[in-house]
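An overview of the molecular structure
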Amino acid sequence: QVQLVESGGGLVQAGASLRLSCGASGRTFSSFTMGWFRQAPGKERKFVAAISQSGDSTLYVDSVKGRFTISRDNAKNTVYLQMNSLKPEDTAAYYCAARISVGVTTAGYDYDYWGQGTQVTVSS
């Protein structure tokens, strides 16, 4: 079993930046592919970014490419999502996810563990 806890969300103006953090416990963090997903009210949870276990491979949804950066610090059991140039469309609850299998993927069903989420609200 693994537990994931997100932090760093908040209310910001369009164009601002936020850095989300996800701390993991319960298993060896470096064994997992990690991802970030987001869910707006009344909508399905969607893929945002993913990073391989060593951090050498990343994947982003097109809408955040060039603005968001996913990274990880395996020594700290933490994955980050640096979000720059935030837009109102980025408003959502952001969830950290862990995948047991190797390989970055955009599919939520490929991930085995989920955090509780942290709210990001971007005003215009």
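For every chain, the first residue of the written sequence is number 1, and numbering continues from 1 onward in sequence order. The predicted nature of this model means local features are confined to residues of pLDDT at least 70 and side-chain atom pairs, given and counted, to a pLDDT of 80 or more, with totals for whole chains, interfaces and linings taken over all residues. Heavy atoms throughout the structure, all of them, feed into the side-chain values; hydrogens and water do not.

Description of unusual backbone geometry
- Within the chain, asparagine 77 stands out as a residue other than glycine whose phi angle is a positive 55°.
- Starting at the N terminus, helices and strands are each numbered in turn, a helix being any DSSP run of H or I of at least four residues and a strand any DSSP run of E of at least two. Its location among the elements puts asparagine 77 in the loop between strand S7 (68-73) and strand S8 (78-83).
- Each residue's exposure class comes from its accessible area (1.4 Å probe, protein chains only) as a fraction of the maximum for that residue type: buried when under 20%, exposed when over 50%, partly exposed otherwise. In this structure asparagine 77 comes out as partly exposed when scored by relative accessible area, which is 27%.
- Of note, serine 85 is a non-glycine position whose phi angle comes to about 50°, a positive value.
- For serine 85, the position within the fold is in the loop between S8 and strand S9 (92-99).

A few points about the environment of aspartate 56
- Secondary-structure assignment places aspartate 56 in the loop between strand S5 (46-51) and strand S6 (58-60).
- Overall, the relative accessible area of 64% leaves aspartate 56 in the exposed class.
- Note: C-alpha distance between aspartate 56 and serine 71 (15 residues apart in sequence) is 9.5 Å.
- Throughout this description, a polar contact denotes any pair of N or O atoms lying within 3.5 Å of each other; where both atoms belong to protein, one of them has to be capable of donating a hydrogen while the other can accept it, and for residues adjacent in sequence the pair is counted only when both atoms sit in side chains. Here the side chain of aspartate 56 touches serine 52 through a polar contact of 2.6 Å, side chain to side chain.
- At a separation of 2.7 Å, a polar atom in the side chain of aspartate 56 contacts the side chain of serine 54.

Here we look at the sheet that holds S7
- Strand order across the open sheet formed by 4 strands is S1-S3-S8-S7, with antiparallel pairing between neighbours. With one partner strand each, in any of the chains shown, strand S1 (3-7) and S7 form the two edges of the open sheet. Between one strand axis and the next, the sheet turns by 15° as a mean value, whatever way the strands run.
- Note on pairing: two strands pair once DSSP finds at least 2 bridges between them. Alignment of S7 against S8, held across 6 bridges, turns out to be antiparallel. Axis geometry follows a simple rule: fit a line to the C-alpha atoms, using only the stretch in contact for helices, then measure angles between N-to-C directions, giving values from 0 to 180 degrees.

Concerning the pattern of salt bridges
- Criterion for a salt bridge: a side-chain nitrogen of Lys or Arg within 4 Å of a carboxyl oxygen of Asp or Glu. Using the criterion set out here, one finds 3 salt bridges in the structure.
- One salt bridge connects aspartate 62 with lysine 65, and the closest N-O pair in it is separated by 3.3 Å. Here the two residues aspartate 62 and lysine 65 agree in accessibility, since each one is exposed.
- Salt bridges sharing common partners tie together Arg38, Arg67 and Asp90.

Focus: the packing of aromatic side chains
- When two rings of Phe, Tyr or Trp (its six-membered ring) have centres within 6.5 Å they constitute a pair, described as stacked for plane angles under 30 degrees, edge-to-face for angles over 60, and tilted for the intermediate range. Inspection of the entire model under this criterion finds 5 aromatic pairs.
- With a centroid separation of 5.6 Å and an interplanar angle of 80°, the aromatic rings of phenylalanine 37 and phenylalanine 47 are classed as edge-to-face. On the criterion of sequence distance, the pair formed by phenylalanine 37 in strand S4 (residues 33-39) and phenylalanine 47 in strand S5 is long-range, its members being 10 residues apart. Of the two residues, phenylalanine 37 and phenylalanine 47, both sit in the buried class.

Concerning the state of the cysteines
- What counts as a disulfide here is a pair of cysteine sulfur atoms lying within 2.5 Å. The full count for this structure, using the stated rule, is 1 disulfide.
- In this model, cysteine 22 is linked to cysteine 96 through a disulfide, with the two sulfur atoms separated by 2.1 Å. Its torsion about the S-S bond being -80°, the disulfide of cysteine 22 and cysteine 96 is classed as left-handed. Of this pair, cysteine 22 sits in strand S3 (residues 18-25) while cysteine 96 sits in strand S9, placing them 74 residues apart in sequence.

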